[in-house]
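What follows is each chain in one-letter form.
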Amino acid sequence: MLSTAQIRNFCIIAHIDHGKSTLADRMLEITGTVEKRKMREQFLDMHPLERERGITIKMTPVSMTYRSHFDRRITQNETRNNAEQEGFLYEDLTYKIRGILFKVRKNIGLGHKEQVYHNALEIEFENAGLKFESKKNISILYDGRSIGTYQPDFVIENKVLVELKALPEIARPQIEQLWSYLKGCDYKLALLVNFGSKDLEIKRIVYDTARNFSALSGSFLRNSASSQRESAGAEDQIENKEFILNLIDTPGHIDFNYEVSRALAAVEGAVLLVDATQGVEAQTISNVELAKGLKLKIIPVVNKIDLPQARIKETKEEIKNLLGVSEGEILEVSAKTGDGVEELLEEIVRRVPPPKNADFTQKVAEQGQRNSASSLRESAANARALIFDFEYSLHRGVIAHVRIFGGEIKSGDRLKLFQAGSVFSAGEVGVFRPELSPTEILHAGEIGYVVTGVKEAKVVRVGDTIANFQFPISNFQPLPGYKEVKPVVFSSLYPEKQDKFEDLKKALERLKLIDSALFFEEESSGVMGRGFRCGFLGMLHLEIVAERLRRDFNVGVIAATPTVKYRIATKHGDFTEVYSPSRFPEDGARLPDGQEIKEILEPWIVFEILMPPERMPAVLKLLGDHEAVVGETSKFSEARVKLNGEMPLRELMRDFFDELKSVSAGYASLNYELADYRPADLLRLDILVAEEVEPAFSKIVPRFRLQREAEAVVEKLCGVLPRALFVLKIQARAAGRILASRTLRALSKDVTGHLYGGDRSRKMKLWKKQKEGKKRLRSRADYNIPPDVFLKIIRK
């Protein structure tokens, strides 16, 4: 029966492009979760759009079964209380030794003689800067007198003994022998290492309490033979124990930070992955703060150590400053080659705590069959699960992704959604492998799914609590859930053709089930027709949603120029919120209802940028171009400085991310959060195509940059709009006057190409007829702008 002690729930957090998806691939391979013939790059990035762009858009859970080869528990002489208070004996040094052992195993493999491994380890210990003695003679004491000597393979830092073997497997005699050596000498800890025929085995053997008794009384108080048997029995009991590793792979882009926060709330640990070529970046700091706020166990890992430009030492120093950990706690991996990944899995088993909840199935095992029925009823009655994500199936309805925080849920259980109040029967429960894999029961501490059968999209909400309906509890408390996400960028989406409005509405409702951060409500425009005002977490989020509507739901959309939420204060003391440029007052003086405007307020952000010191001048110039107010600068590490400041939120939409990467050669990174609203001098800039205003191209710009913006957008449109059969005029207008204008030449057709020789008057007659035809066409023809033009205008 499953015990919570065998479960580890964790996620991988990192800045974008630091190798999260690649690391997840290696974990799937090592644990055998995915067959080799089915394996592909970025396996957990299910959507083709994710693999095309090389980014993770949506978090993906997966359950892996891993057989650990290392003892994370304590032997009989080292109590759990001591372990919790003092930590593991020589913890940092043990990490280093184990890392070297795994490195040797990877480099030369298994099946060699002991002396081969001994020679290789001597080289690696020397490279790592560890002080060691090989084949040192250690006295075996009896009643305070030396009665012989013991010669281990290595003594590391005069603290840890290392005994090497190359046997098919480690049996009880080898464990008892080393335990007896510890008992008779002054050392506390030994590692029994076997480069066997199957895999590398490491046994951690501690003899501490019994030796302390010896020092106090002058003789051993325990029976030697019985102690040996107990120690060996304890080792055999934990040998090759299986663990369930529930991983949630998270996005790295700041636009999808809400996905990261939801994943962190469902786990106990987080693997913090840092690119050795980039170091700690701004989004890394943001993710760490989220994990610390939830009191998760953070395992720092340096990735891409195989690259020649890797700055491993400098990156470790930055992590030490960020987390306050020792260098020995920071692991090194190469997600591409797989180097160090298995050691990371061992550390996840060792460091990440098991789920902290009541495991009723374990109570049944402890109480025996006599009380099993009542305990199972108690388990079902106390079932609580947090919905951290969900998906939608046409046939099975909403499939909730849940973390079980108490009790158990099985197929057929009558359950209720605490916030919505809806009652349903669980059609199926299971885990992610990573596809949906049915099981009989979801136990406390597990991460899995529940098929609700609910077909209404608005009933199920992320953060809601699933509870048992048959056994209501009067003092039942729902799980905390998540705070409501607030969009920061707004854009109006219209269907290409108005008869597709209902299709767009259904597509947005379905997409809302997949992307809970998406906000939309119906609106109408006199020119564009019926559409939806949508809220997004950023510009990338907007692009992804528009692309998914086209690919997944076959609905083409026209996306208006993105904007932020403005507040307009009138002289009567009222406030009006404006989300769309088309609803912004044209002259900036009066609202459509005639009220005079007192001031216009716009949202600001506070930001922090990490960059190399030599990139500071270029970044400061860029910040000046984007109306930023630069704050204090501090030293983050030997190779990085941190710059704080403030900026209007609308400036982020002017390609600030791309420009920041460009001026810093890719080494600068940005993190930000919303601050407050401040006064601004803004005007609406309208774009006219064929002398008709196109609301989707309208934008809100500051007065001092009006002329520059007008010329830039007209020039860009002139380059992306397809030519027509008549001359097309593109103009930018603001405050009642034309600021910029370009003319797009008409498509020309050689109407005289079929003629040769003869009188020129015949050609002139055809040219005149063509000219009159174009004139008539221009007077009555409508120019239809292709949908991809709207997305091209949004992108740089």
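Being a predicted model, the structure only gives us computed values, none of them experimental.

Explanation requested: empty space enclosed by the protein in the structure shown.
Over the atoms, a rolled probe matching the size of one water molecule traces out where space is still vacant. Summed over the entire model, instances satisfying the criterion amount to four cavities of 30 Å³ or more. Here the largest cavity defines a volume of roughly 140 Å³. Along the wall of the largest cavity there are 14 residues; nearest its centre are Ile57, Phe256, Glu259, Asp515 and His541. Taken together, the elements giving at least two residues each to the lining of the largest cavity come down to α9 (257–264), α15 (501–514) and α16 (539–553). Considering every element that reaches the lining of the largest cavity, the biggest residue donor is α16, with four residues.

Can you help me understand the packing of aromatic side chains in this one?
Each aromatic ring pair is summarised here by two numbers: the centre-to-centre distance and the angle between the ring planes. On inspection of all chains with the given rule, the structure shows ten aromatic pairs. Among the aromatic residues, those joined into a ring-pair cluster are Phe125, Phe132 and Phe154. The ring of Phe501 is capped by Arg530, whose NZ or CZ atom sits 3.9 Å from the centre of that ring. Here Arg567 stacks its cationic end above the ring of Tyr677, 4.0 Å away from the centre of that ring.

Can you help me understand the nonpolar core in this one?
Here is a general trend for soluble globular proteins: nonpolar side chains tend to be buried in one another's company. One finds Ile609, Leu623 and Phe656 to be the most contacted residues of the largest nonpolar core, which totals 35 residues. Listing elements by their share of this core, those giving two or more residues are β28 (566–570), β30 (597–611), α17 (616–625), β32 (640–648), α18 (656–663) and β33 (669–680). It is β30 that contributes the most residues to this core, six residues altogether. When residues no more than four places from it in sequence are discounted, the contact partners of Ile609 are Val619, Leu623, Val641, Lys642, Leu643, Phe656, Leu660, Ala668, Ser669 and Leu670. If you look at the next biggest cluster of nonpolar residues, it comprises 34 residues, including Val267, Val274, Val325 and Leu610.

Honestly, the pairing of strand β31 (residues 629–637) in this entry has me stumped. Any pointers?
Put simply, side chains in a regular strand alternate between the two faces of the sheet. Where β31 lies against β32, six bridges are found, and the strand directions are antiparallel. Each bridged residue has a counterpart across the sheet, and for Ser637 the counterpart in β32 is Arg640.

Teacher, can you tell me more about the sheet that holds strand β24 (residues 489–495) here?
Pairing between the strands of a sheet comes from backbone hydrogen bonds, and it takes one of two forms, parallel or antiparallel. Strand order in the open sheet formed by four strands is β25-β26-β24-β27, and the pairing between neighbours is antiparallel. Edge positions in the sheet fall to β25 (519–525) and β27 (557–559), since each has one partner strand and no second. Taken pair by pair, the neighbouring strands of this sheet meet at an average axis angle of 30°, ignoring direction. Note that β24 and strand β26 (residues 529–536) share five bridges and pair antiparallel. Counted as the bridge partner of Phe490 is Gly535 from β26. Its contacts with the sheet place α15 against β24, β25, β26 and β27, and it is angled at close to 15° to β26.

When you look at helix α1 (residues 20–31) in this model, what are you seeing that I'm missing?
The α-helix advances 3.6 residues per turn, and as a result positions three or four apart in sequence lie on the same side. For α1, which comprises twelve residues, the first-to-last C-alpha distance of 17 Å matches the rise-based estimate of 16 Å (1.5 Å per residue) to within 8%. Among the twelve residues that make up α1, nine are buried, leaving the element largely enclosed by the rest of the structure. Burial in α1 covers these residues: Lys20, Ser21, Leu23, Ala24, Asp25, Arg26, Met27, Leu28 and Thr31. On the buried face of α1, the contacting elements are β1 (7–14), β2 (60–67), β10 (242–249), β11 (269–275) and α12 (341–351).

Sorry if this is basic, but what is going on with the pattern of salt bridges here?
Between side chains of opposite charge, a pair can form as their charged atoms come close. Per the stated rule, a full pass over the model turns up 42 salt bridges. The salt bridge partner of Lys565 is Glu577, with a shortest N-O separation of 3.9 Å. With Lys565 in the loop between β27 and β28 and Glu577 in strand β29 (residues 575–578), this residue pair connects regions lying twelve residues apart in the sequence. Residue classification places Lys565 among the partly exposed positions, given a relative accessible area of 22%. Between Glu709 and Arg654 there is a salt bridge whose closest N-O contact spans 3.8 Å.

How do you make sense of the sheet that holds strand β15 (residues 397–406) when you look at a structure like this?
Here eight strands make up an open sheet; going across it, the order is β18-β17-β23-β14-β15-β22-β19-β20 and the pairing antiparallel. What marks the edges here is a single partner per strand, and that holds for β18 (423–425) and β20 (436–439). On average, each strand axis in the sheet is inclined to that of its neighbour by 40°, with strand direction left out of account. Two strands pair when backbone bridges link them, and strand β19 (residues 428–432) and β20 are joined in this way by four bridges, in the antiparallel orientation. Bridge assignment links Val429 to a residue of β20, and that residue is Thr439. Taken strand by strand, α15 contacts β14 (384–393) and β15, and its axis lies near 145° from that of β14.

Conventions adopted
Residues numbered from 1 in each chain as written. Predicted model: local features only at pLDDT ≥ 70, side-chain atom pairs only at ≥ 80, totals over all residues. Heavy atoms only, no water. 1 Å grid on protein atoms, 1.4 Å probe; cavity = no way out; pocket = protein on both sides within 12 Å on 5 of 7 lines; lining within 4 Å. Points joined across faces, edges and corners; volume = space filled by probe spheres on them. Helix = DSSP H or I, 4+ residues; strand = E, 2+ residues; numbered from the N terminus. Phe/Tyr/Trp six-rings, centres within 6.5 Å; stacked < 30°, edge-to-face > 60°. Lys NZ or Arg CZ within 6 Å of the ring centre and 35° of its normal. Core = buried A, V, L, I, M, F, W, Y, C linked by side-chain atoms within 4.5 Å. Buried < 20%, exposed > 50% of the residue type's maximum accessible area, 1.4 Å probe, protein only. Contact = heavy atoms within 4.5 Å. Pairing = 2+ DSSP bridges. Axes fitted to C-alpha atoms, helices over the stretch in contact; angles between N-to-C directions. Expected span 1.5 Å × (residues − 1). Salt bridge = Lys/Arg side-chain N within 4 Å of Asp/Glu carboxyl O.

Shape descriptors only; they carry no functional weight alone.
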